[in-house]
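One letter stands for each residue in the lines below.
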Amino acid sequence: QVQLVESGGGLVQAGGSLRLSCVSSGRTFSISDIGWYRQAPGEQRELVASISVGRSTNYADSVKGRFTISRDNAKNTAYLQMNNLKPEDTAAYYCNAKYGSGRGALDSWGQGTQVTVSS
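Residues numbered from 1 in each chain as written. Predicted model: local features only at pLDDT ≥ 70, side-chain atom pairs only at ≥ 80, totals over all residues. Heavy atoms only, no water.

1. A look at the overall build of the protein
The secondary structure content of the protein amounts to 0 helices and 11 strands. Mapped in sequence order, the helices and strands of the protein form the string β-β-β-β-β-β-β-β-β-β-β. Its C-alpha atoms give the protein a radius of gyration of 14 Å, near enough to 14 Å, the size a compact globule of 119 residues would have. Projecting the C-alpha coordinates of the protein onto the three principal axes gives extents of approximately 45 × 25 × 25 Å. Split into buried and exposed, the 119 residues of the protein put 41% on the buried side. (Helix = DSSP H or I, 4+ residues; strand = E, 2+ residues; numbered from the N terminus. Rg over C-alpha atoms; globule rule 2.2 N^0.38 Å. Buried < 20%, exposed > 50% of the residue type's maximum accessible area, 1.4 Å probe, protein only.)

Spelled out as structure tokens, the structure:
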């Protein structure tokens with residue numbers, strides 16, 4: 001299996017920056033796609049950014065130009081650099097990793113890290 005632990009959240013003023021980290025352990029060699037999701041209280045969890053094993057990236061329209069997803073396979077770590085933060089970015093942020101393939105493909109989630117942006 002794969003275990004994920006997020007860190008780096010906190011309280012920042014609008015316009016500030018944070019970098020979230022997602023450290024993986026276990027069957028890290030089999031991880032393909034990694035995604036960062038966020039969920040505000042009482043709302044649906046949404047995909048913020050994703051990165052493939054080949055380093056292709058995708059972003060939600062609301063964060064394009066402000067957030068950057070990256071991965072360092074040697075450190076078993078994925079990152080989400082968040083710049084020019086807005087109050088609407090306030091949410092719990094979760095890391096997700098897809099690993100294995102075919103009928104053995106699985107997904108793993110971290111515990112989440114809180115990001116709060118004040119106006």
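2. Examining the nonpolar core
With 28 residues, the main nonpolar core has Trp36, Phe67, Leu80, Met82 and Tyr93 as its most contacted residues. Contributions of two or more residues to this core are made by β1 (2–7), β3 (18–26), β4 (31–39), β5 (46–51), β7 (67–72), β8 (77–82), β9 (91–99) and β11 (113–118). The dominant element in this core, judged by the number of residues it contributes, is β9, at 5 residues. (Core = buried A, V, L, I, M, F, W, Y, C linked by side-chain atoms within 4.5 Å.)

3. Overview of the side chain of serine 52
Tracing the chain through its elements places serine 52 in the loop between β5 and β6 (57–59). Sequence-distant contacts of serine 52, that is, excluding residues within four places in its chain, are made with Ser32, Asp33 and Arg71. (Contact = heavy atoms within 4.5 Å.)

4. Quick word on unusual backbone geometry
Unlike most non-glycine residues, arginine 55 shows phi in positive territory, near 75 degrees. Inspection of the secondary structure puts arginine 55 in the loop between β5 and β6. Judged by its relative accessible area of 42%, arginine 55 falls in the partly exposed class. A positive phi angle is found at asparagine 76, which is not glycine, with a value near 55 degrees. Examined against the element boundaries, asparagine 76 turns out to sit in the loop between β7 and β8. Overall, the relative accessible area of 30% leaves asparagine 76 in the partly exposed class.

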